[in-house]
Amino acid sequence: AWRALRSLGREAGRHWLYEATVGAGLPVITTLRDMVQTGDRVERVEGVLSGTLSYVFNRFDGQRPFSEVVREARALGYTEPDPRDDLSGVDVARKLVILAREMGVEIELADVVIESLVPPSATGPMTPEAFLDALRASDDAMEARRAEAAARGACLRYVGVVDAQGRARVSLAEYPFAHAFGALSATDNVIAFTSARYQRQPLIVRGPGAGAEVTAGGVFADLLRLAAWLGTTT
């Protein structure tokens, strides 16, 4: 359906822009599209694609239980009304599908392997407050993973990865604190593009991955781009 829509758009001279769907106002789609259109071979895209989960794992430092950090993120308005929409990993998986298609890899949401952070006991109907209470059951396990990573000089990040073969996964992974993914703050998103040109040192795009101002900036940039294109064709 996606490829058919793109083909119809080209045939009808219509433009379909969606920069803010991945990384809010960051130039993620534009960067990837420019790489592909200039003949680069993109081999792998990897990144922290959720501003919500970036905030959660930046704040999860062993001083407080995991569930308490999630509760704080919700109170600050960083999560969806139901935090399970963030912790399930589906939002990140959708963004991976968008990136894969821009790479020229045809995958669907069902093709993405997802590690959900929602406890099995908390998947049924319940209020967000009841879910946050149920999330406490994961606190010990999450703290154990954090402590094990810290002992190895690493931190936890919730990351999406897709490669040129169509293998895609969303999971909790360890990164050294000195890694580009380890040195994040607040709601930062960070995306690493590995390609034929950027083989030894991936191209990194990093910045705020959530917030009304940066998201509006991404949408407005698309409007300006569209206006420029229409101005040259009318």
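See the structure above.
Residues numbered from 1 in each chain as written. Predicted model: local features only at pLDDT ≥ 70, side-chain atom pairs only at ≥ 80, totals over all residues. Heavy atoms only, no water.

K.L.:
Give a description of the packing of helix α3 (residues 51-59) against helix α4 (residues 66-75) that names residues and reports values.
P.N.:
Closest axis-to-axis distance for the α3/α4 pair is 9 Å, and the angle between their directions is 135°. The orientation of α3 relative to α4 falls into the category oblique. Both α3 and α4 take part in a crossing whose hand is right-handed. Across the interface between the two elements, Tyr55, Val56, Phe57 and Arg59 from α3 touch Phe66, Val69, Val70, Glu72 and Ala73 from α4. Residue composition of the contact of α3 with α4, grouped by class: seven nonpolar, no polar and two charged. (Axes fitted to C-alpha atoms, helices over the stretch in contact; angles between N-to-C directions. Helix = DSSP H or I, 4+ residues; strand = E, 2+ residues; numbered from the N terminus. Parallel < 35°, antiparallel > 145°, perpendicular 65-115°, else oblique. Left-handed = near helix turned anticlockwise from the far one by under 90°. Contact = heavy atoms within 4.5 Å. Nonpolar A, V, L, I, M, F, W, Y, C, P; charged D, E, K, R; others polar.)

K.L.:
Tell me about the nonpolar core, residues and numbers included.
P.N.:
Counting residues in hydrophobic clusters, the biggest one holds 48 residues, and the most contacted among them are Val45, Phe57, Phe66 and Leu87. Per element, the largest residue contribution to this core is seven residues, and it comes from helix α6 (residues 90-103). Every residue in contact with Phe66, bar those within four places of it in the chain, is listed here: Val56, Phe57, Phe60, Leu87, Leu117, Leu135, Asp139 and Met142. (Core = buried A, V, L, I, M, F, W, Y, C linked by side-chain atoms within 4.5 Å. Buried < 20%, exposed > 50% of the residue type's maximum accessible area, 1.4 Å probe, protein only.)

K.L.:
A description of the sheet that holds strand β1 (residues 42-48) should follow, citing residues and the corresponding values.
P.N.:
In spatial order, the strands read β2-β4-β3-β1-β5-β6; together these six strands make up an open sheet with mixed pairing. Here the strands that pair on one side only, and so sit at the sheet edges, are β2 (113-114) and β6 (203-208). Relative to strand β4 (residues 168-176), β2 runs parallel, the two sharing two bridges. Residue pairing across strands places Ile114 opposite Val170, the latter belonging to β4. Packed on one face of the sheet, helix α2 (residues 28-37) meets β1, β5 (188-195) and β6 and runs near 5° to β5. (Pairing = 2+ DSSP bridges.)

K.L.:
Break down the packing of α2 against α6 for me, citing the residues and quoting the values.
P.N.:
Across the interface, α2 lies against α6 with an axial gap of 9 Å and an inter-helix angle of 20°. Viewed along their axes, α2 and α6 adopt a mutual orientation that is roughly parallel. Both α2 and α6 take part in a crossing whose hand is right-handed. Residues Val28, Ile29, Leu32, Arg33 and Val36 of α2 form the contact with α6, whose participating residues are Ile98, Leu99, Glu102 and Met103. Of the residues that constitute the contact of α2 with α6, the class distribution is seven nonpolar, no polar and two charged.

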